[in-house]
Amino acid sequence: MTENLLSSMGLDRPETGDDAVVPFTLEKLDSRGRVVRLGHALDTILSRHDYPVPVARLLGEAVVLAALIGSSLKFDGRFILQTQTDGPVNLIVVDFDAPDGMRGYARFDQDALVKAAEAGKTSSADLLGNGHLAMTIDQGPHTERYQGIVALDGKSLEMVALTYFQQSEQIPTQVRLAVAQMSTKGDHRPRWRAGGMLIQHLPAHGGAAMADLPGNGDFDDPRMSDPDFVEADGWTEAKVMLGTVEDLELVDPDVSPERLLFRLFHETGVRVFPPKALVERCTCSAERIEDMLANSFSDEDRQEMAVNGEIEVVCEFCSTAYRFNPNHFHQ
């Protein structure tokens, strides 16, 4: 392959490793997308709580999905993915703190999880059950939050994400998520890894003026709600190509995002943009919790919260324990 061709495709640079998002465009197919590959960052999030394997895998999918969507934000803020359901895993919260921070946790019913495992019902759809998925964009103080909510009715996170984009953004979208444990020689335990890919269709009128990547373009196309709308051939081809991706390809450390994109789209052409690093980062702090205790609770409340003369607050995300003397709060 010539140097000029590599350069034109954005592949004239080292391949991307773990904990990164790689944006790309498929100009001939009128599509764009992002690939996420997670290693150490995800393993830290999942291993910290010692979740049962099915719960860890589901939370891993949610973290990947949040990274795929949150990494498109063009401003400093937070993208929050939250599920509340009647399933064995009844709550998931993932924060993507733009431009690169991730944290997440899951709450589950141990008895319900055991019954589900005994019945062989441990897919993401089975563990979620019925409820809703909320995706929230928080641009910080003095701004209104944007929130989109879709029903969780026995579908996987992949399928629910498609519904979200169709209903809330009117953007034809396809998503693939994969999470696995992989062992390395000499390591004392398997490590969690994950990968995901998201592709979106650019309407015909946007083909010549493509939105900046990563980011959100203007996709308010009335044709999307037209029952007689015929899907573009390019978008059909892009979806078919994505459908051929195996879970192992998404998580394999030896298959970089660039290598995977080249495998899929070298015949039609793919333009790969520089990667952006992702990190596991919790936003909790002693100062924030102290401020919350001082301003949201009365002296009587704080005294009742104390055990052996201390108030202990444990972060649900990172499990860090903070301890405070209930008698030392400023008013």
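For the structure given in this document, a descriptive report is provided here. (Residues numbered from 1 in each chain as written. Predicted model: local features only at pLDDT ≥ 70, side-chain atom pairs only at ≥ 80, totals over all residues. Heavy atoms only, no water.)

Let us look at the nonpolar core. Formed by 59 residues in total, the largest nonpolar core has its most connected members in Leu38, Leu65, Phe79, Leu81, Ile92 and Met102. Take this core: its biggest share by element is 12 residues, from helix α3 (residues 53-70). Not counting residues within four places of it along the chain, the set of residues in contact with Leu65 comprises Leu81, Met135, Leu157, Ala161, Val175 and Leu177. Counting residues in each nonpolar core, the second largest holds 21 residues, with Val22, Phe24, Leu242 and Leu260 among its members. (Core = buried A, V, L, I, M, F, W, Y, C linked by side-chain atoms within 4.5 Å. Buried < 20%, exposed > 50% of the residue type's maximum accessible area, 1.4 Å probe, protein only. Helix = DSSP H or I, 4+ residues; strand = E, 2+ residues; numbered from the N terminus. Contact = heavy atoms within 4.5 Å.)

Let's shift gears to the side chain of Asp43. Here Asp43 is to be found in helix α2 (residues 40-47). Polar side-chain contacts of Asp43 include one of 3.3 Å to the side chain of Arg191. Among the polar contacts listed, one links the side chain of Asp43 to the backbone nitrogen of Trp192, at a separation of 2.8 Å. Setting aside residues up to four positions removed in sequence, Asp43 forms contacts with Arg189, Pro190, Arg191 and Trp192. (Polar contact = N/O pair within 3.5 Å; in protein donor to acceptor, adjacent residues only side chain to side chain.)

We now examine the packing of α3 against helix α6 (residues 157-169). Contact geometry for α3 and α6: axes closest at 11 Å, N-to-C directions at 30°. Our classification of the angle between α3 and α6 gives roughly parallel. Along this stretch, α3 crosses α6, giving a crossing that reads as right-handed. Every residue of α6 that contacts α3 at Leu58, Glu61, Ala62, Leu65 and Ile69 is listed here: Leu157, Ala161 and Phe165. Across the contact of α3 with α6, the residue classes break down as seven nonpolar, no polar and one charged. (Axes fitted to C-alpha atoms, helices over the stretch in contact; angles between N-to-C directions. Parallel < 35°, antiparallel > 145°, perpendicular 65-115°, else oblique. Left-handed = near helix turned anticlockwise from the far one by under 90°. Nonpolar A, V, L, I, M, F, W, Y, C, P; charged D, E, K, R; others polar.)

By secondary structure assignment, the location of Ser256 is in the loop between α8 (247-251) and α9 (257-265). By relative accessible area, which is 5% here, Ser256 ends up buried. Side-chain polar atoms of Ser256 contact the side chain of Glu15, separated by 2.5 Å. Among residues more than four places away in sequence, those in contact with Ser256 are Glu15, Thr16 and Arg37.

Here the focus is the packing of aromatic side chains. What characterises a pair of aromatic rings is the spacing of the ring centres plus the angle enclosed by the ring planes. A full pass over the atoms with the stated rule returns three aromatic pairs. Between Tyr105 and Phe317, the aromatic rings sit 4.8 Å apart at their centres with planes inclined by 85°, giving edge-to-face as the arrangement. In this pair, Tyr105 is assigned in strand β5 (residues 101-108) and Phe317 in the loop between β13 (311-314) and β14 (321-324), connecting sequence segments 212 residues apart. Judged by its relative accessible area of 9%, Tyr105 is buried. Given the relative accessible area of 11%, Phe317 is considered buried. Between Tyr164 and Phe165 the ring centres are 5.3 Å apart and the planes differ by 80°, which places this aromatic pair in the edge-to-face class. For the pair Tyr164 and Phe165, one class covers both residues: buried. (Phe/Tyr/Trp six-rings, centres within 6.5 Å; stacked < 30°, edge-to-face > 60°.)

Before going further, it helps to spend a moment on the environment of Asp299. Positionally, Asp299 belongs in helix α11 (residues 299-305). Residue Asp299 is classed as partly exposed on the basis of its relative accessible area, which comes to 45%. Sequence separation of Asp299 and Asn327 is 28 residues, and the distance between their C-alpha atoms is 8.1 Å.

Time to look at the state of the cysteines. Counting across every chain of the model gives zero disulfides. Just so you know, Cys315 is unpaired, no disulfide at all, and the nearest cysteine sulfur is the one on Cys282, 3.5 Å from it. For Cys315, a relative accessible area of 10% translates into the label buried. (Disulfide = S-S within 2.5 Å.)

Between its first and last C-alpha, α6 extends 17 Å over 13 residues, near the 18 Å set by a 1.5 Å rise per residue. Looking at the buried positions of α6, the neighbouring elements they touch are α3, α5 (124-128), β6 (130-138), β7 (146-153), β8 (173-182) and β9 (191-201). Directly beyond the C-terminal end of α6, a positive phi value near 55° is found at Gln170. (Expected span 1.5 Å × (residues − 1).)

These figures capture arrangement, not role.
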